[in-house]
Amino acid sequence: MLDTALLAKIAEQMMSSNTVEVNGKPTPVSRTSKNRFRTLAFTMEGREYQAIEQNAEKPSRWGQLAREGHRVVQIKDRGTNRFVAVVVDGEVTVYGAGHGRKH
């Protein structure tokens, strides 16, 4: 089970600061090499995750929201290399079984 409150906190800090506090320690926000999107690697409940700022040029609904000025952050499980959640303006949607669950 994902800690959705922590995901929302990480996403908000990542989009507004150069450092995010994760598990009590400051973690630097970096940028992707090609498009310079904000990104952050972190560990939660023993698993490694990557938070990535949404590419506004993507034709998905998440890209559309980013184009409209919303703060959209995708969360990827680094072990499975699959996206597990998205955070839009602090609201977390967990992916799974074809249906997202909002928290």
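Further up the page is the structure itself.
Values in this document were obtained by computation on a predicted structure and should not be read as measured data. (Residues numbered from 1 in each chain as written. Predicted model: local features only at pLDDT ≥ 70, side-chain atom pairs only at ≥ 80, totals over all residues. Heavy atoms only, no water.)

Chemist: Honestly, the nonpolar core in this entry has me stumped. Any pointers?
Modeler: As a rule of thumb, soluble globular proteins bury nonpolar side chains together. One finds Leu2, Leu7, Met14, Leu40, Phe42 and Ile75 to be the most contacted residues of the largest nonpolar core, which totals 23 residues. Contributing elements (two or more residues each) for this core: helix H1 (4-16), strand S1 (19-22), strand S4 (38-44), strand S5 (47-53), strand S6 (72-77), strand S7 (82-88) and strand S8 (91-94). The element that contributes the greatest number of residues to this core is H1, accounting for seven residues. Dropping the residues within four chain positions of it, Leu7 is found in contact with Leu2, Phe42, Met44, Ile75, Ala85, Val87 and Val92. Membership of the second largest hydrophobic core comes to five residues, among which are Trp62, Ala66, Val72 and Val86. (Core = buried A, V, L, I, M, F, W, Y, C linked by side-chain atoms within 4.5 Å. Buried < 20%, exposed > 50% of the residue type's maximum accessible area, 1.4 Å probe, protein only. Helix = DSSP H or I, 4+ residues; strand = E, 2+ residues; numbered from the N terminus. Contact = heavy atoms within 4.5 Å.)

Chemist: Help me understand the packing of aromatic side chains, please; the structure alone is not making it clear to me.
Modeler: Scanning the entire structure with this criterion turns up one aromatic pair. The interplanar angle of 25° and the centroid separation of 5.7 Å between the aromatic rings of Phe42 and Tyr49 together place this pair among those described as stacked. By the burial criterion, Phe42 is buried, and Tyr49 matches it. (Phe/Tyr/Trp six-rings, centres within 6.5 Å; stacked < 30°, edge-to-face > 60°.)

Chemist: Looking at this structure, I do not really get the pairing of S5. What am I missing?
Modeler: Within a regular strand, the side chains alternate between the two sheet faces. In terms of burial, S5 is a largely internal element, five of the seven residues being buried. Judged from the six bridges that link them, S4 and S5 form a sheet pairing that is antiparallel. For Thr39, the partnering residue across the bridge sits in S5 and is Ile52. Linking two consecutive strands that pair antiparallel, namely S4 and S5, is a turn of two residues; a positive phi of about 55° is found at Glu45 within it. Sheet topology places S5 next to S6; five bridges connect them, and they run antiparallel. Looking at S6, one finds that Gln50 is bridged to Lys76. (Pairing = 2+ DSSP bridges.)

Chemist: How do you make sense of the pairing of strand S2 (residues 25-28) when you look at a structure like this?
Modeler: Strand direction decides the pairing type here: S1 and S2, joined by four bridges, are antiparallel. Directly across from Thr19, in S2, lies its bridge partner Pro28. Once S1 ends, the chain turns through two residues before running back antiparallel as S2, passing Asn23 with a positive phi of about 55°.

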